[in-house]
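Given next are the chains, with one letter for each unit.
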Amino acid sequence: MNRALIRFLVSLWLCCCCWLVSIGEAQAQGGEYMKYKDPKQPVAVRVKDLLDRMTLEEKIGQMVQIDRSVANAEVMKNSFIGSVLSGGGSEPLPKATAQDWVNMINEFQRGSLASRLGIPMMYGIDAVHGHNNVYNATIFPHNVGLGCTRQVEILIVDPDLAQKIGAATALEVRATGIPYVFAPCIAVCRDPRWGRCYESYSEDPKIVEQMTEIIPGLQGSLPANAKKGFPYVGGKTKVAACAKHFVGDGGTTKGVNENNTVIDWHGLLSLHMPAYSDSIIKGVSTVMVSYSSWNGVKMHANRDLVTGFLKNTLKFKGFVISDWQGIDKITSPPDSNYTYSVQASIQAGVDMVMVPYKFDEFIQDLNLLVKNNVIPMDRIDDAVARILLVKFTMGLFENPLADFSLVDQLGSQGHRDLAREAVRKSLVLLKNGKNGSAPLLPLSKNVPKILVAGTHADNLGYQCGGWTIKWQGFSGNMDTSGTTILSAIKSAVDPSTEVVFRENPDSEFVKSNNFDYAIVAVGELPYAETAGDSTTLTMTDPGPNIINNVCGNVKCVVIIVSGRPIVIEPYVSSIDALVAAWLPGTEGQGVTDALFGDYGFSGKLARTWFKSVDQLPMNVGDPHYDPLFPFGFGLTTESVKDLVARSTSSVASVRACIFTILVTLIISLYLIGEAQFIGAY
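Residues numbered from 1 in each chain as written. Predicted model: local features only at pLDDT ≥ 70, side-chain atom pairs only at ≥ 80, totals over all residues. Heavy atoms only, no water.

### Points about the packing of aromatic side chains
The geometry of an aromatic ring pair is captured by the separation of the ring centres together with the interplanar angle, meaning the angle of the planes.
Part 1 of the argument: The final tally for this structure, using the stated rule, is twelve aromatic pairs.
Part 2 of the argument: Summarising the aromatic geometry, the rings of Phe629 and Phe633 are spaced 5.4 Å apart at their centres and angled 25° between planes, so their arrangement reads as stacked.
Part 3 of the argument: By relative accessible area, which is 8% here, Phe629 ends up buried.
Part 4 of the argument: On the basis of relative accessible area, Phe633 is assigned to the partly exposed category, the value being 23%.
Part 5 of the argument: A network of ring pairs unites the aromatic residues Tyr36, Phe392 and Phe397 as a single cluster.
Part 6 of the argument: Sitting over the ring of Tyr599, Arg424 keeps its end group 3.6 Å from the ring centre.
Part 7 of the argument: A cation sits over an aromatic face here: Lys449 above Phe515, 5.3 Å from the ring centre. (Phe/Tyr/Trp six-rings, centres within 6.5 Å; stacked < 30°, edge-to-face > 60°. Buried < 20%, exposed > 50% of the residue type's maximum accessible area, 1.4 Å probe, protein only. Lys NZ or Arg CZ within 6 Å of the ring centre and 35° of its normal.)

### Some points on the pairing of strand E3 (residues 122-125)
Part 1 of the argument: Of the two faces of E3, the one carrying Met122 and Gly124 and the one carrying Tyr123 and Ile125 are both buried.
Part 2 of the argument: Inspection of the sheet shows strand E2 (residues 83-86) paired to E3 by four bridges, in the parallel sense. Of the residues in E3, the one forming a bridge with Ser86 is Ile125.
Part 3 of the argument: As a crossover connection, the stretch from E2 through helix H5 (residues 98-113) into E3 is right-handed.
Part 4 of the argument: As paired strands, E3 and strand E6 (residues 180-181) are joined by two bridges and run parallel to one another. When the bridges of E6 are listed, Gly124 appears paired with Tyr180. (Helix = DSSP H or I, 4+ residues; strand = E, 2+ residues; numbered from the N terminus. Pairing = 2+ DSSP bridges. Right-handed = clockwise from strand over helix to strand, strands pointing away.)

### Quick notes on the state of the cysteines
Where two cysteines share a covalent bond between their sulfur atoms, that bond is called a disulfide.
Part 1 of the argument: Per the counting criterion, the structure on display carries two disulfides.
Part 2 of the argument: Sulfur-sulfur distance for the disulfide between Cys551 and Cys556 comes to 2.0 Å. Looking down the S-S bond of the Cys551 and Cys556 bridge, the torsion is 110°, so its handedness is right-handed.
Part 3 of the argument: For Cys551, a relative accessible area of 4% translates into the label buried. (Disulfide = S-S within 2.5 Å.)

### A short note on the nonpolar core
Part 1 of the argument: Ranked by internal contacts, the top residues of the largest apolar core, which has 189 residues, are Phe362, Ile568, Leu595 and Trp609.
Part 2 of the argument: Looking at this core element by element, the count peaks at nine residues for helix H15 (residues 377-394).
Part 3 of the argument: When residues of this core are assigned to domains, at least three fall in each of domain 1 (43-409) and domain 2 (427-640).
Part 4 of the argument: Core analysis: the next-biggest nonpolar cluster, separate from the first, contains six residues, Leu537, Val567, Phe610 and Leu616 among them. (Core = buried A, V, L, I, M, F, W, Y, C linked by side-chain atoms within 4.5 Å. Domains from an automatic or database assignment.)

### Re H15
Part 1 of the argument: Here H15 spans 26 Å end to end across 18 residues, near enough to the 26 Å set by a 1.5 Å rise per residue.
Part 2 of the argument: Gly395 lies just past H15 and shows a positive phi near 80°. (Expected span 1.5 Å × (residues − 1).)

### Structural notes on the pattern of salt bridges
Pairs may arise between side chains of opposite charge once their charged atoms sit close together.
Part 1 of the argument: Going through the model one piece at a time under the given rule, you end up with 32 salt bridges.
Part 2 of the argument: Salt bridges sharing common partners tie together Lys311, Asp351, Arg379, Asp382 and Arg386. (Salt bridge = Lys/Arg side-chain N within 4 Å of Asp/Glu carboxyl O.)

### Here we look at the pairing of strand E7 (residues 242-246)
Part 1 of the argument: Most of E7 is tucked away: five of the five residues are buried.
Part 2 of the argument: With four bridges connecting them, E7 and strand E9 (residues 286-289) associate as parallel partners. If you follow Phe246 over to E9, its bridge partner there is Val289.

### Some details on the environment of Asn514
Part 1 of the argument: Note on placement: Asn514 falls in the loop between helix H19 (507-512) and strand E17 (517-523).
Part 2 of the argument: The class for Asn514 is exposed, based on a relative accessible area of 65%.
Part 3 of the argument: Note: C-alpha distance between Asn514 and Ile450 (64 residues apart in sequence) is 8.7 Å.

### Structural notes on the sheet that holds strand E19 (residues 577-580)
Part 1 of the argument: With mixed pairing, the six strands of this open sheet are ordered in space as E14-E19-E18-E17-E15-E16. Among the strands making up the open sheet, the edge pair consists of strand E14 (428-432) and strand E16 (498-502). In this sheet, neighbouring strand axes are inclined to one another by 15° on average, regardless of whether the strands run parallel or antiparallel.
Part 2 of the argument: As judged from the four bridges shared by strand E18 (residues 556-561) and E19, these two strands associate in the parallel manner. Each bridged residue has a counterpart across the sheet, and for Val557 the counterpart in E19 is Ala577.
Part 3 of the argument: Taken strand by strand, helix H20 (residues 543-551) contacts strand E15 (449-453), E17 and E18, and its axis lies near 170° from that of E17. (Axes fitted to C-alpha atoms, helices over the stretch in contact; angles between N-to-C directions. Contact = heavy atoms within 4.5 Å.)

So, to be careful, I would describe these as geometric facts and stop short of saying anything about function.
Printed below as a string of structure tokens:
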């Protein structure tokens, strides 16, 4: 036997001894080597090892998501709960700090870690335009505005901006100890009467597809060797994302929330499905099912689409989650046969159920359905394996508890600057100048006196819209921190300019004050989901009266603060300049950046602006297309700096031209004189 072989055998023997010693030490300490706890093991091996150790009760617990209001350490431990969430407005205490959130979540997590197998729970929250449930967070523009952020040179949306917003949102969410967000919404809103239209980037599926670039921002960019369809979360500064709401939620009849989307298979694939395919390619971790139906079949019970298409055809390997009490609404009326709802949803392919309150009933029903062989065990195993895959991918087993290391990211100045950029890029200039007059914008900062008016000029809650602090949003300036449009105007103008604010001035007041111009901010009140469904799409009173009183007596720019196009045709002729600001969020300076010409207007409509609600639904390409402002419309302006530079350049060019002409003339005259002189001889 040669020496090399002897050395190899000795080394192998020593390795085996070390391995046996380590196993012996683990057993002596009352434990055993568990592959699922070993981060060096492949994720698939860890998932299988853990799944094989789990009882039915532990598996079903992983499929449950409950609201924080019914969670505590004992519930987490004894019911093996897989996930907790904050519904809209559900917070540890009013104006909770990042530390308050971390402490609450860690308390729940310690309960989970104390269970038999120590499987960590994952905490989820709606972060649909920034970390919108949390006091002092940066609130970005809602998606309806972000869809308008075109790159002027190539007329596409700004995917880099979307990715940056995703990354900033992830940091702020992680600052509060949360690793999972129910975002982005990739609905294609085909009717602005829908109360969730502001959650949609566009009526155009191409724009919605492009804006899935927010997913790499939230989760991190996929590594080069990533497998298609598998979830990916790139570390402790990133979060698991959720593409929602699968599928067709933006196409319901007459825009009625949670209603029926009537469309053929080709239409569903071409309009509502592309963004899901793109999200899966980008490694999205979870997909949320829609309340709505497709051709009469509830999506929460649609096995052909959830399992057949999403999981089998698109090869989605993450987990599918229900919406809030989504399975209850499978029956009509809701919750009339809960056992059937549990059966239908799990068989359809829903893996985790946002219960969110009556978890004991859900656990009991699903337990009985499995034990009575109504739902096969392999369906439960598939669901739990998907959930565990996401948890392992997120690094939850290695880092289950949050800390305070990122708390300074919440509402940071860098994120507010990014939101300000997003606001100015999302603004769409619809009109600039009346009856052939010179453009009103950009406004001068240095004038004696200006009027600021309107219901939305000094109201941070109205400016942010629904899904901000509370589910339905809020009114006033006290519920979070930010800059209103009025405050931004006061900061932007010259100190010598007098800024007069009257929310609803009468005509005499406007006439008698000799204002140089007026800025009017009007629009919609905050709303969310069904509460936002509207058949009239009118601005809130006294908006029309304010426009008439102000714009009839002084040059005015009207800023529409709304979650969708609203009725404005009757007032357009009296307005000098008109701006669609959508729901800009907390950073009102983004509005004034463009109004006063620090930056130019560049936004383009990602939604058709109708003349009358009688035209709806009306989308680009429709035979009856006759809009007030068409899809893709948006006037552009130059910044004051660029205007000055161009003017200076023009003057220099004129001077150079004049100089050239004079020199040419002198030379010509000289040559003519020379010729005459020679001719004389």
